[in-house]
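Results of the structural survey
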Amino acid sequence: MKKIALILCAALVLGVCCIPAFAAEDRAVQTVRALGIMVGDNHGNMNLEQKVTRAQFAKMLVAASPLKDTVNKNGAAQSVFTDVRSTHWASDYIRIAASQGYFVGYTDGTFKPDKNITLEEGCTAVLRVLGFDSSNLTGAFPTAQLNKASSIGLRDGMTLSRGDVLLRSDCAQIFCNMMTAKNAQGKVHATELGYQVINGEVNYTAAIYGNMNGPYIAKAGDKIPFTPSLIYRNGEESKSAALSENDVYYYNSDIGTALIYTEKVSGKITAVSPNSKSPTSVTIAGKTYQIGSSDATYALSSLDGDITGKTATLLLGIDDAVVGVLTGSSVNSVYYGIVQSVKKEASADGSAEAQSTLTVFCTDGAARTFSIPKTYEFTAGKLVSVSVNGSGVTVSAIADKTLSGKVSGDGKTFAGYMLEENARIIDTAVDGAAAAVKVTDIAGKDITASSVRFYTLSDQGRIKDLILNDTTGELWTYGYCTSAAQNGITLLVNGERKTVQGSFTVGVGGVAVRGTEVRQMTGVTVTSLSASSLVAENVEYAIADTVQVYLKQGNDIMKTTLSQINTSEYAVTGYYNPFTGASGRQIRIIVASKY
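Some remarks on the sheet that holds strand β6 (residues 248–252)
With respect to topology, five strands assemble into an open sheet ordered β3-β6-β7-β4-β5, the strand pairing being mixed. In this open sheet, the two strands that pair with only one neighbour each are β3 (213–217) and β5 (236–238). Across the sheet, the mean angle from the axis of one strand to that of its neighbour is 25°, orientation sign disregarded. Pairing of β6 with strand β7 (residues 257–261) involves five bridges; the strand directions are antiparallel. Bridging from a neighbouring strand, Asn252 pairs with Thr257 of β7.

Quick look at the structure:
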């Protein structure tokens, strides 16, 4: 398989929350996630508040050891412990850890895989991987192990004491510290595993990208060949691994990660370098893009005659490298969407005439950049149609065109019209924020005229494109505010703590965030609860598929599941976003407190 030719060292920081106002995800979590030491659940959540078992720690330990690539290489093996069958999910990790002396069992021949692991047990196992044994330690267990762990930095950033049970957040810190700690031979552990360390930190972006398969250009119906636990769409964390035709994608199944790029650039080619036969870069309206695949090189070099002046669509991947090139009749298209940004570009020939590059989020869910003359004046949030053909690019403003009514439960009709089977639907906001919407997201919902900005009909009179007005609630990210101060707030987002810097008029409770905007959600007292809806104050509310459920006990709050709470044992509060259309006012946050 092809590997990525261009390695990003710093341009794209993975693990950053998709809300620009949030501080970056904890460096330790980024590192262990990127190196495959710890991975998220099926939804990509790291569940940092959960306690860790000995079996789970054994898996992390092997993934952080020189034997990280040997798991399952020799097939199933007989377990050495009476309570760990060969069919146990962690049997191979436990076998490797035990055979290398990283982990030991109990005198009765058991391993106790489901027992929670303590600070001293975890530190002892990590020290053994680093080559420290009794000859390197002074004193008795566990004081000697804890002191050594502190002296080499394993406990940096931690406040745990002897006997405390490790949480997943603690494990992230320990293993991140382990990577930059020196082993018994005085060598930095990460470098012994083949990773790059810069200024005392693991270059985890290089570790990810250096082992990615790709780039690939999606054809109609293509899918990522596995179910990724971590998905980045155009550099931001995403829940959807769906591919559209001509999307660029990469993946690494070992760490369960997929990168998807939907960004495309259309316009007239003004230059190629060093020549049209072997181009390494291409320029459209003053901006130069590096060629990132042999397919793109071939597509440009195979053009007949002079390349300059021809209209093309560039398919962009990592670091805006050109992965594919559409030319000729394949660029003839009409797009509808919302302007997300406008940037003035200098003319390629140095003349006073300038071009504008317009980024439009189109109804097919792709963000496209178009080069247009400076005479066009558009701003973020404006709805436009874009026509691309051999003559160039034409952008026109489109007026609002509304509809109202109920979407049928099967998602086939809306406001008296049939919906195309593959109707292209996006939700948008006045600031240019946009997201693709599946018809199932609005099935059965009442949609008012103020919630629809534009639509088109096919030749058969069916709805083909539909642009909504902040209707679904999907343009916001939701969290539970645990504390608020003058200089910022702390949130739980899918169980992980995030910080938002700035002054906001919100307090403890559900909050909705978009860009730099933070708003308090509306809380309602729940009287009855089911898997898909709840009743509060005699009103029934739908529960979002992505609802976050938290259990609050005193000052402690942890993520849980809907099935773990009921209104007879808990005081339950549900939170919805009142700043969206009615169809988006689903319950996004549920907090249960013991009576």
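Once the structure has been displayed, the description carries forward.
Some points on the nonpolar core
Within the largest apolar cluster, 56 residues are counted, with the highest numbers of intra-cluster contacts made by Ile37, Phe57, Phe175 and Met179. If you list the elements that add at least two residues to this core, you get α1 (27–34), α2 (54–63), α3 (91–99), α4 (119–129), α5 (143–151) and α6 (168–180). Apart from residues lying up to four places away in sequence, Phe57 is in contact with Val52, Phe103, Ile117, Gly122, Ala125, Val126, Leu166, Cys171 and Phe175. Core analysis: the next-biggest nonpolar cluster, separate from the first, contains 30 residues, Tyr209, Leu259, Val331 and Val386 among them.

A short note on the environment of Cys481
With respect to the element layout, Cys481 can be found in strand β25 (residues 477–485). For the pair Cys481 and Val32, spaced 449 residues apart in sequence, the C-alpha to C-alpha distance is 26 Å. Once you skip the residues sitting within four places of it in the chain, Cys481 turns out to touch Ile489, Thr490, Leu491, Gly507, Val508, Gly509 and Val511.

What to know about the side chain of Lys445
Mapped onto the elements, Lys445 comes out in the loop between α10 (439–442) and β22 (446–447). Despite being buried, Lys445 has no salt bridge partner; Asp441 is the closest side chain of opposite charge, sitting 7.8 Å away. Setting aside anything within four residues of it in sequence, one finds Lys445 in contact with Gly405, Lys406, Val407 and Ser583.

How each quantity is defined
- Residues numbered from 1 in each chain as written.
- Predicted model: local features only at pLDDT ≥ 70, side-chain atom pairs only at ≥ 80, totals over all residues.
- Heavy atoms only, no water.
- Pairing = 2+ DSSP bridges.
- Helix = DSSP H or I, 4+ residues; strand = E, 2+ residues; numbered from the N terminus.
- Axes fitted to C-alpha atoms, helices over the stretch in contact; angles between N-to-C directions.
- Core = buried A, V, L, I, M, F, W, Y, C linked by side-chain atoms within 4.5 Å.
- Buried < 20%, exposed > 50% of the residue type's maximum accessible area, 1.4 Å probe, protein only.
- Contact = heavy atoms within 4.5 Å.
- Lys, Arg positive; Asp, Glu negative; His and termini not counted.
- Salt bridge = Lys/Arg side-chain N within 4 Å of Asp/Glu carboxyl O.

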